[in-house]
Amino acid sequence: MGETIPPVRELFDYSLQRFLGDRPLLFVLTVCTVAEEKIRTHGLFIGEERDAFEAAVAMAQEKNMTFLPHGLKKCVAFLDPREFKSSWVGNKALYRTRMAMCDDGELIILAPGIRTFGEDPEANKLIRKYGYCGRQKVIDLLKAEECEDLRQNMATAAHLIHGSVDGRFHVTYAVQKDMMDGVRGVCYEAADYNEVVKKYDPKKCRPDGTPARTAKNSSMSPTRA
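Predicted model only: the values in this text are computed from it and were never measured.

Quick look at the sheet that holds strand 5 (residues 170-175) now. Taken in spatial order, the four strands of this open sheet run 3-4-5-6, and their pairing is parallel. Edge strands, defined here as strands with exactly one partner in the open sheet, are strand 3 (72-78) and strand 6 (189-192). With strand direction ignored, the average angle separating the axes of adjacent strands in the sheet is 20°. With four bridges connecting them, strand 5 and strand 6 associate as parallel partners. The partner of Ala174 across the bridge, within strand 6, is Ala191.

See below:
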């Protein structure tokens, strides 16, 4: 999220030095933006060292990040139904806004295309079973004797933590009516997309919340950043 040394990157860098130091690795990174559904590439960064990554981050901060003077009490994100069918991928709306959300704020995710939770049957089953129940709860579940299925799928356990907000702010998924009970079952709030979109139409909203004739460069959709 615009930082060069977050905890996961530190772990990645350590692994490269500790285990892959004698292997030839080449990093290739792009920085892109989307306007009117057209992708524009601003930079291509290639190198064997960390400097390629750092240069890409610097450009991404300029092209992809919106810096705010204060936190967001309410944020609306739109997930294109052609691309986002599961919460596994759709939670990008959460990942990309959580650092900007105020405590006790509200994130509304317009998700008309969400039809499932995991990208594969096993992950989907585990997400439905345990839900995005919070970081500490997931850690406790991993220690429980009866949760062997979750221990055998650590990627899903990590995903459940990643998609939890631990009560800091509220997440409402606006989905089709037949998905609302499922969304509530995985620890999110749910709303009827067809009702919510009457107030928050992604075709008519701008990043600052004022009406607009078009939705050019709309950053109300973090998934398009």
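Having seen the structure, we can now continue with the description.
Here we take up unusual backbone geometry. Note: most residues except glycine have negative phi, and most peptide bonds are trans. Of note, Asp104 is a non-glycine position whose phi angle comes to about 65°, a positive value. Here Asp104 is to be found in strand 4 (residues 101-110). According to the relative accessible area criterion, Asp104 is exposed, its value standing at 57%. Despite not being glycine, Asp166 shows a phi value in the positive range, around 55°. Along the polypeptide, Asp166 turns up in the loop between helix 8 (154-162) and strand 5. Since its relative accessible area comes to 53%, Asp166 is described here as exposed.

Cut-offs and rules
- Residues numbered from 1 in each chain as written.
- Predicted model: local features only at pLDDT ≥ 70, side-chain atom pairs only at ≥ 80, totals over all residues.
- Heavy atoms only, no water.
- Pairing = 2+ DSSP bridges.
- Helix = DSSP H or I, 4+ residues; strand = E, 2+ residues; numbered from the N terminus.
- Axes fitted to C-alpha atoms, helices over the stretch in contact; angles between N-to-C directions.
- Buried < 20%, exposed > 50% of the residue type's maximum accessible area, 1.4 Å probe, protein only.

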